[in-house]
Amino acid sequence: MSETKKSDMRFIYVSDAGNLCIVEPAEKSSHTLEEIKAKACPSDRPVYTVHKSEVPTDRTFRDAWTYTE
């Protein structure tokens, strides 16, 4: 079984404006995923950690993207 790389993960949350935000951690970062999440994502709303394969690659309708746990 292979180890999951930081760059394979994404953090997803909804901004104050109602937009779906996706944070892509850098593999070369010296920070852990939890440290990146704490620094890059808001603490006052749900933030989901998902594999990059769960994020759509077709950006045509990216303003209509939603996420359901």
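Conventions adopted
Residues numbered from 1 in each chain as written. Predicted model: local features only at pLDDT ≥ 70, side-chain atom pairs only at ≥ 80, totals over all residues. Heavy atoms only, no water. Salt bridge = Lys/Arg side-chain N within 4 Å of Asp/Glu carboxyl O. Helix = DSSP H or I, 4+ residues; strand = E, 2+ residues; numbered from the N terminus. Buried < 20%, exposed > 50% of the residue type's maximum accessible area, 1.4 Å probe, protein only. Polar contact = N/O pair within 3.5 Å; in protein donor to acceptor, adjacent residues only side chain to side chain. Contact = heavy atoms within 4.5 Å.

Enquirer: Whenever I open this one, the pattern of salt bridges confuses me. Can you help?
Expert: Where charged atoms of side chains with opposite charge meet at close range, the side chains can pair. Across all of its chains, the model carries four salt bridges by this definition. For aspartate 44, the salt bridge is made with arginine 45, and the minimal N-O distance between the two is 3.3 Å. Put simply, Asp16, Asp44 and Arg45 are held in one network by salt bridges that share partners.

Enquirer: Sorry if this is basic, but what is going on with the side chain of arginine 10 here?
Expert: In this fold, arginine 10 is placed in strand β1 (residues 9-14). By relative accessible area, arginine 10 is classed as buried at 10%. There is a polar contact of 2.6 Å between the side chain of arginine 10 and the backbone oxygen of serine 7. Ignoring any residue separated from it by four or fewer positions in sequence, one finds arginine 10 in contact with Ile22, Val23, Glu24, Pro25, Tyr48, Thr49, Val50, Lys52 and Val55.

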